[in-house]
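Next come the chains, spelled out residue by residue.
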Amino acid sequence: MSCPKTQFLLQEYFSDDLAPLAREELGKHLANCEYCNAELESLLLTQSTLRHWQDQRVPHWDRGLNLFRREHRAPAAGAGLWVGWQWLPTAASFAMLAVLLFNLTIVSGEHGFSISFGPAADLQAQLTTFQQLQREEMQSLVTRVEDRQDNSNVQLLQAVLEQTQQSTAENLDRIYAYFEQKRIQDLQDMRVGYQQLVDSDYETIRSLNQLAQFVSYQSEIR
Amino acid sequence: MSLINEDEALIAAALNGSAYAWEKLVKRYEGKIYNQGLRLTGNASDAMDLMQEVFLGVYRNLHRFRGDAKFSSWIFRIAHNKAVDMKRRKRLMSAQPRSSDQDAGDDFDNIASEASYEPEVRLDEVQQNSQIVTMLKMLPMEQRLIVELKTFQSLTFEEIADMQDISVNTAKTRFYTALKKLKSASEEDHVLS
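As the structure is a prediction and not an experimental result, all values here were calculated from the model.

Asks: Summarise the overall build of chain A; cite the residues concerned and give the values.
Replies: When helices and strands are tallied, chain A shows 6 helices and 2 strands. Listing the helices and strands of chain A from first to last along the sequence gives α-α-α-α-α-β-β-α. Within chain A, counting contacts between residues at least 6 apart in sequence, those at least 24 apart form 36% of the total.

Printed below as a string of structure tokens:
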């Protein structure tokens, strides 16, 4: 048993813009038509089977990066900013090679730099001038060193002299103090000596007096 | 930032020469495009070719993307067109139901061997995908594309009709016819097994 409306109705069932009224009518038909309902169930089951698809991982590929970098001239990963300056060492090498091959001479004078190629014609003259300048410079330096040395010597001598004078004065003061101390000590000794002498004289006089008294006593006795 | 705005930002950066932005943009969609290719072509090698053609097309036409539509819609339209072109060139799959199980076996092996490199992919998932591919291969390309767009990409019949330059009713009819064929194939498969 089939239904003449099956195809039309089920096509509409999967439509996205089915009006609510039409969907209601469709629902009523499906509820009453066993064939259409069974057909719909089997189609939904088929669609459900399709939706069981499990996404598979993408195999490794370069994602078009090589093309992208080539066309955008983008640096390779990790190259950084140095890529733009890779010509620099090569250019420096060529410059050095040119200096050697063409015998490049760069001379610094009073009027700035001068660059010449090949053997220099006035090289000897320049060397002589350079030696003269060096000699004058050396002489000037020696003179300055000598002047500085003289000044240093004078300052040193002055310092030594001042030190010596100071030491001499201190020594004289010390000698004077010593002599003064000795003089005072001698005066004291002399005073003691006089005193002892006076005392000795006094004893002598007293002894003489005693002797005189004894003599006179003896005379009287006689 | 929403996914759409993020897409636009990545596109702008890629157009300014950012390889990083381009790679990120590709990473966002390569899985969907590759799996779409698997379902449409039935084997990993052709799916890979299709995916690379799609992204080459995206790269060549990126400056033409105006942002009027979603980037995802735009890229799936390119994928659809590339799949049609590929079918024309290589006659990817026969419109007739398979008479030889040998060809189908080759395709299963192709997908299964691809998936077997991934330890997390379980065998039943691979078998499920193989069964779906077998069913889809029984459809002619125009019906397979409609099933892909309606069932897997969830496009409306209006969008499908616009993409394929057909009427809405034709799109509905093709989808219904495709589902009926798939149902019959599925029932036959169950009966035989």
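Moving on from the model shown.
Asks: Hey, could you go over the pattern of salt bridges for me, with residue numbers and the actual values?
Replies: All names here are of chain B. Tallied over the full model, the rule gives 17 salt bridges over all chains. A salt bridge links arginine 89 to glutamate 53; the shortest N-O distance between them is 2.6 Å. Placement of arginine 89 in helix α4 (residues 71-90) and of glutamate 53 in helix α3 (residues 44-61) is noted, with a sequence separation of 36 residues between them. The partner of aspartate 162 in a salt bridge is arginine 77, and the shortest N-O contact between them spans 2.9 Å. Of this pair, aspartate 162 sits in helix α8 (residues 157-164) while arginine 77 sits in helix α4; the two residues are 85 residues apart in sequence, bridging distant segments of the chain. Where salt bridges share partners, they join Glu6, Asp7, Lys24 and Arg28 into one cluster.

Asks: Quick rundown of the interface of chain A and chain B? Include the residues and the values.
Replies: Facing 36 residues of chain A, the contacting portion of chain B comprises 51 residues. With both sides pooled, the region where chain A packs onto chain B buries about 4100 Å², and carbon together with sulfur makes up 62% of that total. Taken as a group, Leu50(A), Trp53(A) and Gln56(A) account for 20% of the area that chain A buries against chain B, more than any other trio of residues on that side. Viewed at the interface, chain B and chain A are joined by 7 salt bridges. Between Glu23(B) and Arg63(A) there is a salt bridge; the shortest N-O distance is 3.7 Å. Across the contact surface, chain A and chain B share 16 residue pairs in polar contact (both at pLDDT 80 or more). Those elements giving two or more residues to the side of chain A that touches chain B turn out to be α1 (6-13), α3 (34-50) and α4 (65-72) of chain A. Broken down by element, the side of chain A that touches chain B gets its largest block of residues, 7 residues, from α3(A). Looking at the side of chain A that touches chain B residue by residue, the class counts come to 12 nonpolar, 14 polar and 10 charged.

Rules of the game
Residues numbered from 1 in each chain as written. Chains lettered and ligands numbered in written order. Predicted model: local features only at pLDDT ≥ 70, side-chain atom pairs only at ≥ 80, totals over all residues. Heavy atoms only, no water. Helix = DSSP H or I, 4+ residues; strand = E, 2+ residues; numbered from the N terminus. Contact = heavy atoms within 4.5 Å. Salt bridge = Lys/Arg side-chain N within 4 Å of Asp/Glu carboxyl O. Buried area = accessible area lost by both parts, 1.4 Å probe. Polar contact = N/O pair within 3.5 Å; in protein donor to acceptor, adjacent residues only side chain to side chain. Nonpolar A, V, L, I, M, F, W, Y, C, P; charged D, E, K, R; others polar.

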